[in-house]
Every structure is written in structure tokens, then in C-alpha cells.
Amino acid sequence: MFSSFIPNIVAAILSVSGADTLSVDRNVVDPTISLIEHIHSEHLITKAIDKQEKAEAEEKRLAGIFLQELKVCYHGAHQNIPAYDKLHTIKNFKPMIEINENLSLATAPVAEGCLFSGFGMRTRNERVRLHKGWDIAHYNPVDIYAAGAGKIKESEYHYQYGKMILIDHGYGVYTRYAHLDSIPEGLTEGAIVLAGQIIGTMGTTADVPVGRHLHYEILTGKYNEQWGSFGLRPVNIASPETIHSQPENHLRKTKSEPVRFFFTVKPNKKRA
Ligand SMILES: [Zn+2]
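Described below are features of the structure shown in this document. On a predicted model such as this, the values are computed, not experimentally measured, just so you know.

### Some thoughts on the overall build of the protein chain
Assigned secondary structure in the protein chain consists of two helices and 15 strands. Taking all 272 residues of the protein chain together, the buried fraction comes to 43%. In the structure as shown, the protein chain presents an accessible area of about 15,300 Å², 53% of it carried by carbon and sulfur atoms.

Here you go:
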């Protein structure tokens, strides 16, 4: 065995990592360094496999929580709806969008519901305004899930959004969930939530009457103390790659803090 003529530290490493499976290139002048590098590189490969396995397991777990197919509601006035087929199933629906290798977000963070209004300009009370997210409806107060892991930045009542939650996912990415019926106890500002964790039930809260639905937004930018989450830039959920070409006039900006991007969106890119 090599252990009789190599330093103790390498002998120790060999003893925990299965020395018999390792071979030494006898042409290398310093076998100690060569062995350490060899063990190190093997360890890195194992870590890389673990990471991929974990990512795949997480993907599978979330696929069991979030809607994997989204239908357009049969009732209601549809606006800004992506293309759908005869069965009202949205074509090319992507349940998750990958923001970066550490963050993916659900596009419909519910297990049940149908889409009745999408992202884009729409007319309400004779005013044309940007609808900043997706409206997903259900007859019952079904559960709403965190679209990705993060920290709750806002958990409050807003006259237009009703009971609402804003999650900070890091990387300058946020999600908003509005008109909730109820929010579980403890989900106040600063609480950490996991992807797929229940953060409320679908409701009808707001100062104006609204049908039961979730108003869901994906937002980017720098959280602005003056405007709060209303200083953030909404992302077109159906085509997040168009993020850079959204209408500027709907953004509230301050002179000192222009809207900036902290990441690039790669919609549903397959993991390498
Ligand atoms: Zn809405």
C-alpha cells in the first residue's frame, strides 16, 4: 500500500475515501499533490451530481403542487389571454419560469383555477390601464402557494388589492398575491416561505367588489421605500423575455433611482 510511504494526511484521506479504488500516476513527481487533486476532483463531481439530483427532486415536488396545465375560464370577459385550444387549454403554457439557476417561479401559483385576464393594457371604467399580472379564478377559496422561496416583504390590506402578500425572492425579483380571503398566521413581514408553501386562500377582498380570484404579479427592480412595491416593474408572465420592451409610461420612477435589472430571464430553459 502507498500509505507506508506517503504523508499521514493523505493516508487519512485514503482511509475514508476507499484507497483501493484510487490509482497513482507513478510519473508524477509529487504523488501527494496528485492524490489530493484526484480526491478533490472526485468530490466536486459528487457534489455536482447531488446538486442536479436535488434540483430534479425539487422540480418534481413543485410539479405536484402547481398547476401543470392552465385553462382559460369559460365564463367572464377575457382580456389579454394567451392563445388557447378548443378545450380552452393555453398553448405553450409554462408552469415555471427560470429566473436564474437558483430561482424558478410558478406562473400560476395554485393547484386549481382558470385564467380570465392576462397581462397587458385593458379598459376598466372607460380608462385604459396596464393590467400588471394574471387573474386566476375559482368558485372556492382554494389555496394560494408561494411561487418560489423568499421572504415576505409586505403582508397587508390595500384598498385596491385587498389582503395581499408581496414576496421578495432576491435577485431583484418579487411576486404579489392579491384579493386573498385569508393569510395564515405568522406570515407577516420578514417571514421566510418555501416554494409551494400555502400563503393564503383565494378571495374577494378589496374596497371595490371583485369576483373570487387571485391577482398575481411578477415584479422586478429595486424596492423603493417611497413607493413600496408600487415602484417595481411588472413582468409579462406569458412572455417574460419581453421584459425589456414593456411600456415605460406605466412605471413610477424617481430621478435618483432608475429602474434597473439584476438578472436575465430564461423562460423554461432546460437544465444542462
Ligand atoms: Zn388582476
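There's more to say after this.
### Description of unusual backbone geometry
In this model, H88 sits at a positive phi of 70°, which is unusual for a non-glycine residue. Residue position: H88 is located in the loop between β1 (71-72) and β2 (96-100). The exposure class of H88 is buried, given its relative accessible area of 13%. In this structure, N92 takes a positive phi of about 55° despite not being glycine. As for its placement among the helices and strands, N92 is situated in the loop between β1 and β2.

### Some words on the coordination of the zinc ion
Each protein donor to the zinc ion is listed here as H131 (NE2), D135 (OD), D135 (OD) and H215 (ND1); together their distances run 1.9 to 2.7 Å. Geometry at the zinc ion is irregular, judged from the four donor atoms that bind it and their angles of 53 to 155° at the metal. Donor residues binding the zinc ion come from one chain and are separated in sequence as H-x3-D-x79-H. In this structure D135 comes out as buried when scored by relative accessible area, which is 3%.

### Concerning the side chain of S229
The residue S229 is located in the loop between β14 (213-220) and β15 (233-234) in this model. With relative accessibility at 1%, the residue S229 sits in the buried group. Setting aside anything within four residues of it in sequence, one finds S229 in contact with E154, M164, L166, R176 and Y223.

### So, the state of the cysteines
Here a disulfide denotes a covalent bond joining the sulfur atom of one cysteine to the sulfur atom of another. This structure, assessed with the given rule, holds one disulfide. Disulfide pairing places C73 opposite C114 at an S-S distance of 2.0 Å. Since a negative S-S torsion denotes a left-handed disulfide, the C73-C114 link at about 100° is right-handed. Taken together, the residues span a long stretch of sequence, with C73 in the loop between β1 and β2 and C114 in strand β4 (residues 114-117) at a distance of 41 residues. For the pair formed by C73 and C114, the shared burial category is buried.

### Let's talk about the packing of aromatic side chains
Taken as a whole and judged by the stated rule, the model has five aromatic pairs. Taking 5.5 Å as the distance between ring centres and 50° as the angle between the ring planes, the aromatic pair formed by Y161 and F230 counts as tilted. You can see Y161 sitting in the loop between β9 (150-158) and β10 (162-168) and its partner F230 sitting in the loop between β14 and β15, a full 69 residues away along the chain. Here the two residues Y161 and F230 agree in accessibility, since each one is buried. Over the ring of Y161 we find R176; its NZ or CZ atom is 4.7 Å from the centre of that ring. Lying over the aromatic face of F230, R176 brings its terminal NZ or CZ to 4.4 Å of the ring centre.

Criteria and thresholds
Residues numbered from 1 in each chain as written. Predicted model: local features only at pLDDT ≥ 70, side-chain atom pairs only at ≥ 80, totals over all residues. Heavy atoms only, no water. Helix = DSSP H or I, 4+ residues; strand = E, 2+ residues; numbered from the N terminus. Buried < 20%, exposed > 50% of the residue type's maximum accessible area, 1.4 Å probe, protein only. Areas by Shrake-Rupley, 256 points an atom, 1.4 Å probe, with all protein chains shown as cover. Donors = N, O, S within 2.8 Å, 3.2 Å for Na, K, Ca; no water. Tetrahedral: all angles 85-135°; square planar, octahedral: opposite > 155°, others 65-115°. Contact = heavy atoms within 4.5 Å. Disulfide = S-S within 2.5 Å. Phe/Tyr/Trp six-rings, centres within 6.5 Å; stacked < 30°, edge-to-face > 60°. Lys NZ or Arg CZ within 6 Å of the ring centre and 35° of its normal.

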